[in-house]
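# Results of the structural survey
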Amino acid sequence: MINTIYIEQEILDHPRAREICTRFPDATLISCNHYGEIFNRKAQNFRLQKTNPALILAKKNNHFLHPAPPEYGIGGEHHYYFSHMLNCLYDCRYCFLQGMYRSANYVIFVNFEDFQAALRQKSQEYGDKTVNFYSGYDCDSLALDPVTHFTSEFLPLFKTLPNSRLELRTKSTQIRGLLNMDPLPNCIVAFSFIPNEIGRDLEQGVPRLERRIEAMLKLCNRGWKLGLRFDPLIYQPGFEKLYQALFETIFSQIPQAAIHSVSLGAFRMPDKFFRNIVRLYPDEKFYAGPFSSQHGMTSYQRDLEQDMMSACATQILEYIQKSKFFPCDDEYR
């Protein structure tokens with residue numbers, strides 16, 4: 001439940017801001033000059049705020065698109081991500097957001113039209129070449145869709161951009177907006193997974209595997225393309241059997257024809273973010289795992305990472321064509 005909403009003065013009368021506020025009639029409304037006054041101020045405690053985040057409604061003025069990290073690729077050469085929202089409803093211990101941001105409050109940028117103009121311009125720059133756009137890097141693409149109406153606002157744009165491909169990355173089951181639309185051939189709804197046995201300790205608020213499979217089945221029955229994202233791989237003794245059970249459960253229920261792509265990647269995080277998170281959760285056992293720092297990134301020790309990637313890649317390729325497989329490590333492509 002949102003108890004407090006901060007709104008930039010410039011957008012107090014923005015129709016989308018007003019509509020979002022009506023969703024939380026009991027919330028206290030506080031105006032501010034710029035969202036950074038709230039979101040970026042010092043001496044905030046992400047862990048404490050996560051128990052009761054506020055909502056911040058803002059206008060983004062520039063840098064609507066960013067080059068996507070190399071490991072985000074699902075084919076093609078041109079990859080960009082955009083974030084209509086900052087921070088995620090869920091609370092996952094392996095997530096880099098808690099180490100990157102000072103605040104756990106949710107930021108929603110209400111000027112969707114400016115994002116759409118940037119997407120259209122970037123798509124046109126590449127002519128007939130395929131451009132991949134990713135939503136869900138700094139947030140969950142669907143978790144707040146009933147509030148933001150993100151899908152109903154953005155997907156019509158991609159009907160007019162046949163050379164562009166949109167990935168909606170999510171752990172959510174908030175798919176009603178998608179079910180109310182005709183499926184787009186250039187949109188992939190990509191669900192992220194780790195085994196339930198590991199997720200019980202590391203994922204707070206995330207719908208269980210069974211509910212996400214139900215959501216995927218509803219989507220594929222309507223004709224939507226699905227992505228499966230086994231990223232990050234999380235180590236635990238006996239991980240081979242845990243992931244084998246996860247793959248079997250998913251691939252035995254999701255039709256091969258509905259799967260657009262499958263990605264696989266081990267846990268990795270910039271060293272600075274990892275140190276910030278350890279300070280937030282000094283008693284979290286996960287952070288005492290067999291990690292090492294390489295080239296400014298904290299990840300599993302290389303031998304262990306290779307063992308995990310190799311074992312899981314072998315298992316996945318028992319279920320799908322290699323052309324649909326996009327591991328984050330070139331060694332396994």
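Refer to the structure above for everything that follows.
Quick look at the structure, then. (Residues numbered from 1 in each chain as written. Predicted model: local features only at pLDDT ≥ 70, side-chain atom pairs only at ≥ 80, totals over all residues. Heavy atoms only, no water.)

The subject of this paragraph is the sheet that holds strand S16 (residues 291-294). Pairing between the strands of a sheet comes from backbone hydrogen bonds, and it takes one of two forms, parallel or antiparallel. The strand order across the open sheet built from 3 strands is S15-S17-S16, with neighbouring strands paired in antiparallel fashion. Among the strands making up the open sheet, the edge pair consists of strand S15 (268-270) and S16. If you compare each strand with its neighbour and ignore which way they point, the axes differ by 30° on average. Bridge count between S16 and strand S17 (residues 297-300): 4 bridges; the pairing is antiparallel. What sits directly across from Ser292, in S17, is Ser299. The strands touched by helix H12 (residues 271-280) are S15, S16 and S17; relative to S15, the strand with the most contacts, the crossing angle is about 95°. Those strands touched by helix H13 (residues 302-316) are S16 and S17, and its axis lies near 60° from that of S17. (Pairing = 2+ DSSP bridges. Helix = DSSP H or I, 4+ residues; strand = E, 2+ residues; numbered from the N terminus. Axes fitted to C-alpha atoms, helices over the stretch in contact; angles between N-to-C directions. Contact = heavy atoms within 4.5 Å.)

This part covers the side chain of Arg16. By secondary structure assignment, the location of Arg16 is in helix H1 (residues 15-22). Classification of Arg16 as buried rests on a relative accessible area of 9%. Among the polar contacts listed, one links the side chain of Arg16 to the backbone oxygen of Val110, at a separation of 2.5 Å. (Buried < 20%, exposed > 50% of the residue type's maximum accessible area, 1.4 Å probe, protein only. Polar contact = N/O pair within 3.5 Å; in protein donor to acceptor, adjacent residues only side chain to side chain.)

Among the structural elements, Ala68 can be located in the loop between strand S4 (66-67) and strand S5 (78-82). What makes Ala68 buried here is its relative accessible area of 14%. With 40 residues separating them in the primary sequence, Ala68 and Ile108 have C-alpha atoms 20 Å apart. Filtering out sequence-adjacent residues up to four positions away, Ala68 remains in contact with His79, Tyr80, Tyr81 and Tyr134.

Next up on the list: the nonpolar core. The biggest cluster of nonpolar side chains holds 96 residues, and the ones touching the most others in it are Phe230, Ile234, Tyr243 and Ile250. Excluding anything up to four places from it in sequence, Phe230 contacts Phe193, Leu246, Phe247, Ile250, Phe251, Val262, Ser263, Leu264, Gly265 and Ile316. (Core = buried A, V, L, I, M, F, W, Y, C linked by side-chain atoms within 4.5 Å.)

Orientation of helix H10 (residues 209-222) relative to helix H11 (residues 239-251), taken along the N-to-C sense of each, is 30°, at an axis distance of 11 Å. Taken together, the axis directions place H10 and H11 in an arrangement best described as roughly parallel. Here the hand of the crossing between H10 and H11 comes out right-handed. Contacts between H10 and H11 pair Leu209, Ile213 and Met216 from the former with Leu246, Thr249 and Ile250 from the latter. Split into classes, the residues belonging to the contact of H10 with H11 amount to 5 nonpolar, 1 polar and no charged. (Parallel < 35°, antiparallel > 145°, perpendicular 65-115°, else oblique. Left-handed = near helix turned anticlockwise from the far one by under 90°. Nonpolar A, V, L, I, M, F, W, Y, C, P; charged D, E, K, R; others polar.)

Quick look at the packing of aromatic side chains now. Taken as a whole, this structure holds 31 aromatic pairs when the rule is applied. With 5.3 Å between their ring centres and 80° between their planes, Tyr35 and Phe109 make a pair best called edge-to-face. In this pair, Tyr35 is assigned in the loop between strand S2 (28-32) and helix H2 (36-39) and Phe109 in strand S8 (residues 106-109), connecting sequence segments 74 residues apart. The exposure class of Tyr35 is buried, given its relative accessible area of 15%. Overall, the relative accessible area of 1% leaves Phe109 in the buried class. Aromatic side chains Phe247 and Phe251 sit 6.5 Å apart centroid to centroid with 50° between the ring planes, which places their arrangement in the tilted category. Of this pair, Phe247 and Phe251 both sit in helix H11, 4 residues apart, which is roughly one turn of that helix. Judged by relative accessible area, which is 0%, Phe247 ranks as buried. Pairwise contacts between aromatic rings join Tyr235, Phe239, Phe267, Phe274, Phe286, Tyr287, Phe291 and Tyr300 into one cluster. We note Lys60 situated over the ring of Phe109; from NZ or CZ to the ring centre the distance is 5.3 Å. Of note, Arg93 hangs over the ring of Tyr281, and the distance from its end group to the ring centre comes to 3.9 Å. (Phe/Tyr/Trp six-rings, centres within 6.5 Å; stacked < 30°, edge-to-face > 60°. Lys NZ or Arg CZ within 6 Å of the ring centre and 35° of its normal.)

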